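Analysis of the macromolecular model
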Amino acid sequence: MKYVKSSVIGIDFGTTNTAVVRVTMEHAADSDTLQIKSVQTERFGENAGSPFSSIIAIPREGGKLVFGREVKERRLELAETHYIVPSLKTYIGSEREVVSGKNRYSGEDVTCAFFKYLRKNIQKNYKVDIKEAALAFPVDFSAKARRALKRAAEKAGIKLVGFAGEATAAYIANRNNKEIFKAYRRVMVIDWGGGTLDISILDLEGTKVYENTVFGENLGGDDIDLEIAYRMHARMAANYGIDLEFDSMESGNKDKLISACEKAKIGFAFDEGDAVISVKKYGPFGDASVTLTYDTFKDIVVPLIKSRVLKSISTAMKQSQVSASGIDAVVMAGGSSGLKPFAHAVANVFGKEKMILPENTAWSVAAGVALLSSTAGSYTLNDDFGVVLSDGSVYPIFRKNVDCVGGKAGPINFSLVEDTQNAHFIFANADNSVVYGKLNINAKGFLQESLQLAAKIDEDQTATVYVRNKYMGDDYSRRIEINKLTFYYNLASLDESQDGIMELF
């Protein structure tokens, strides 16, 4: 049998770090199904092979932008002359912008610049030009953010050929690295990174992976760094007798302290001894320092974990209608997974024996989204998506196990059942247990007035619904964009291949 090779590059555009992985498959050349002989992965990173740091330094007085690890290593020095933009991911799809001198950069602008840097770096150091890639995104990323991310990549010369949620991608990359996964029926993946918390509850049936529930929140390691910075600044103010709040400090000085606090936080993953946080030229404080004990660190982190992280986990389980005992395993992914208080809190909920911390978590999401784009084919809905009718039932627009990414529906006609000048559309899953969104549209207010609906599922896994009322004018329509849809992925082509094929790392 003749075999050929094909590759897909996966990008995990993270808040703190960005991982890029190429998955190359050797498969049968003449076959209706994807018969895979072997899989190889290659990581693209900075310096010693670590992922790219998602950070840019923009000069205040004009000049070249500085990217990645160089910014991390020279951060305190660059803060004197540059505007430091960490956590690029938090800018995309928002109204935030970076103003540096006469230049203004939108979230899309800085993300595009960063993607250009990725391409240039990888082409120079690995002789690989990234013209196409699959991209992972947080579940909570809005349709607006996903579109802006796609535009930023395409402006950088990278055509996006696939999308997937980060938590699900993390599981896909690691599912065959542990034989015990094959005995599981339901797995929770908690992907806690620098800026987002993603949770997927997955039902496993043979070669199929079903997203039972996906849940996301804008919460990450950056929030912890900022909270530590507030606390440490307050202690400095007391120690030095300077009445100046952290928010009143110049942005470069604030960035210095946040950077020092981040370093202390990372250090606590390896050593629970005291950490000295030192900042040079910290405004009126001069060369200042303060000690952060591990107990103080826990006092800062634990309340945040309890009030938000555990609450998010509870919400995801409630949506999935499952208790902690119904989860067979908990896969911990993302950069913040190394926080000991976080691991202890999760262990208290599920039991230490259920927790799995895969190796090479920094690369898992990128590898997973590349694998999905290589083998999964059409991403198919795992739950109906429809309109809630007046009797509480749900009329399906898209159906479970039938409709896929790229699918379209309509036009579908709906009639008013009461005299109103404001029609309400509520979009929910099959049993109305999850409400995805609501849309209001003006009406003339007479019975049997017909409203026309059309919808599509975009490649970024969002549903866009358009509602038109011709009685209000030919051009009158409203639309809504829905994220957090759930899908299933058939991995038969991987599982039917040779043993060990998924030993990625």
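Along every chain, residues carry numbers that run from 1 in the direction the sequence is written. For a predicted model such as this one, the threshold for reporting local features is a pLDDT of at least 70, and the threshold for listing and counting side-chain atom pairs is 80 or more; totals across whole chains, interfaces and linings nevertheless cover every residue. Remark: hydrogens and water are excluded; side-chain values derive from all non-hydrogen atoms of the structure.

This part is about the overall build of the protein. Helical segments are the DSSP runs of H or I of at least four residues, strand segments are the runs of E of at least two, and each set is numbered from the N terminus. Secondary structure assignment for the protein yields eleven helices and 28 strands. For a compact globule the rule gives 2.2 Å times the number of residues to the power 0.38, and the radius of gyration it is set against comes from C-alpha atoms. In terms of overall size, the protein behaves like a compact globule, its C-alpha atoms giving a radius of gyration of 24 Å where 505 residues would be expected to give roughly 23 Å. For the protein, the C-alpha atoms occupy an extent of roughly 70 × 65 × 50 Å along the three principal directions. Residues classed as buried in the protein amount to 53% of the 505 residues present. Residue contacts are counted whenever heavy atoms from the two residues lie within 4.5 Å of one another. In the protein, of all internal contacts separated by at least 6 residues, the share reaching a separation of at least 24 is 66%. Using a 1.4 Å probe, the Shrake-Rupley method yields the accessible areas, and only the shown protein chains count as cover for residues. Summing over all exposed atoms, the protein offers an accessible surface of approximately 22500 Å²; the carbon and sulfur share of this is 45%. Neither His nor the chain ends is counted toward charge; the positive residues are Lys and Arg and the negative residues Asp and Glu. For charged residues, the charge sits on one atom: NZ in Lys, CZ in Arg, CG in Asp, CD in Glu. A gap of 3 Å separates the mean positions of the 61 positive and 64 negative side-chain charges of the protein. Whether a residue is buried, partly exposed or exposed follows from its accessible area with a 1.4 Å probe, protein chains only, as a fraction of its type maximum: under 20%, in between, or over 50%, in that order.

This part covers the layout of surface pockets. Every definition here rests on a 1 Å grid over the protein atoms only: cavities are sets of points where a 1.4 Å probe fits but cannot get out, pockets are open sets enclosed by protein on both sides within 12 Å along at least five of seven lines, and lining residues have some atom within 4 Å of a point. Grid points are joined across faces, edges and corners, and a volume is the space filled by probe spheres set on the points. Estimates place the volume of the second largest pocket at around 930 Å³. Along its surface, the second largest pocket is lined by 41 residues, and P86, S87, T90, R96 and D222 are the ones closest to its centre. Put simply, the parts of the chain that give the lining of the second largest pocket at least two residues each are β7 (82-86), α6 (221-240) and α7 (251-267).

Now for the pattern of salt bridges. Just to be clear on terms, a salt bridge is a Lys or Arg side-chain nitrogen sitting within 4 Å of an Asp or Glu carboxyl oxygen. Scanning all chains against the criterion turns up 22 salt bridges. One salt bridge in this structure joins R60 and E250, with 3.5 Å as the shortest N-O distance. Of this pair, R60 sits in the loop between β5 (55-59) and β6 (66-67) while E250 sits in the loop between α6 and α7; the two residues are 190 residues apart in sequence, bridging distant segments of the chain. When the shortest N-O distance is used, the salt bridge between K265 and D225 registers 3.0 Å. A residue pair is termed long-range when its members are at least 10 positions apart, and K265 in helix α7 and D225 in helix α6 qualify at 40 residues. Each of K72, R75, D255 and E262 takes part in salt bridges that share partners, so that together they form one network.

To continue, consider the sheet that holds strand β21 (residues 394-398). Two strands qualify as a pair provided that DSSP identifies no fewer than 2 bridges between them. Pairing in this open sheet of four strands is antiparallel, and the strands run β21-β20-β23-β24 from one edge to the other. Two strands in the sheet have a free side with no partner beyond their single neighbour: β21 and β24 (435-442). Within the sheet, the average angular offset between the axes of one strand and its neighbour, ignoring direction, is 30°. The sheet contact formed by strand β20 (residues 385-388) and β21 spans four bridges and is antiparallel. Its bridge partner being in β21, V388 is matched across the sheet by V394. A fitted line through C-alpha atoms represents every axis, and for helices the fit uses only the stretch in contact; the resulting angles, taken between N-to-C directions, go from 0 to 180 degrees.

A few words on the nonpolar core. Counting 65 residues, the largest nonpolar core has F385, I397, F425, F427 and L453 as the members making the most contacts within it. Broken down by element, this core gets its largest block of residues, eight residues, from helix α10 (residues 361-375). Sequence-distant contacts of F385, defined by excluding residues within four places in its chain, comprise P396, I397, F398, F427, A428, Y436, A463, V465, I482 and L485. Put simply, buried Ala, Val, Leu, Ile, Met, Phe, Trp, Tyr and Cys residues joined by side-chain atoms within 4.5 Å make one nonpolar core.

Residue P411 follows G410 across a cis peptide bond; omega there is 5°. For Q321, which is not glycine, the phi torsion reads 55° and is therefore positive. With respect to the secondary-structure elements, Q321 resides in the loop between α8 (294-320) and β17 (329-333). Residue Q321 is classed as exposed on the basis of its relative accessible area, which comes to 61%. Unlike most non-glycine residues, Q461 shows phi in positive territory, near 70°. For Q461, the position within the fold is in the loop between β25 (450-457) and β26 (463-468).

On to the sheet that holds strand β13 (residues 197-205), then. A sheet is described by the order of its strands in space; here seven strands give the open sequence β18-β17-β12-β13-β14-β28-β19, paired in mixed fashion. Looking along the sheet, the strands with just one partner apiece sit at the ends: β18 (355-356) and β19 (380-381). For β17 and β18, the ladder comprises two bridges, and the chain directions are parallel. Considered in β18, the bridge of V330 is made with M355.

So, on to the confidence of the model for the protein. For every residue, the predictor reports its confidence as pLDDT, a number between 0 and 100. Per-residue confidence for the protein gives a mean pLDDT of 86; residues scoring 70 or more make up 91%. pLDDT under 50 marks residues 496-503. Its contacts with residues more than four places away, or in other chains, come to 15 contacts.

Stacked, tilted and edge-to-face pairs are distinguished by plane angle, under 30 degrees for stacked and over 60 for edge-to-face with tilted covering the rest, among Phe, Tyr and Trp rings (Trp via its six-membered ring) whose centres lie within 6.5 Å. Scanning the entire structure with this criterion turns up 22 aromatic pairs. Joined through ring pairs, the aromatic side chains of F385, Y395, F398, F414, F425, F427 and Y436 make up one cluster. Geometry around Y91 places R96 over its ring, the cationic atom sitting 3.8 Å from the centre. Any Lys NZ or Arg CZ that is within 6 Å of a ring centre and within 35 degrees of that ring's normal is treated as a charge sitting over the ring. A cation over a ring is seen here: K484 above F215, with NZ or CZ 5.3 Å from the ring centre.

What follows covers empty space enclosed by the protein. Scanning the entire structure with this criterion turns up one cavity of 30 Å³ or more. Approximately 80 Å³ is the volume found for the largest cavity. Considering the residues around the largest cavity, the lining is formed by F137, V139, R146, G165, T168, S200, E211, V214, Q461, N483, K484 and L485. The residue inventory of the lining of the largest cavity, partitioned by class, reads four nonpolar, five polar and three charged. Each residue gets one label: Ala, Val, Leu, Ile, Met, Phe, Trp, Tyr, Cys and Pro are nonpolar, Asp, Glu, Lys and Arg are charged, and the others, such as Gly, are polar.

This part is about the packing of helix α3 (residues 107-126) against helix α4 (residues 143-155). One can describe the packing of α3 onto α4 by two numbers: an axis separation of 8 Å at closest approach and a directional angle of 45°. Here α3 lies oblique to α4, going by the angle between them. Handedness of the α3/α4 crossing: right-handed. Two secondary-structure elements touch here, α3 through E108, T111, C112, F115 and K116 and α4 through A148, L149, R151, A152, A153 and K155. Considering only residue class, the contact of α3 with α4 consists of six nonpolar, one polar and four charged. We call two directions roughly parallel when the angle between them is under 35 degrees, roughly antiparallel when it is over 145, roughly perpendicular when it lies between 65 and 115, and oblique otherwise. Left-handed is the label given to a crossing in which the near helix is rotated counterclockwise from the far helix by less than a right angle, and right-handed is the label when the rotation is clockwise.

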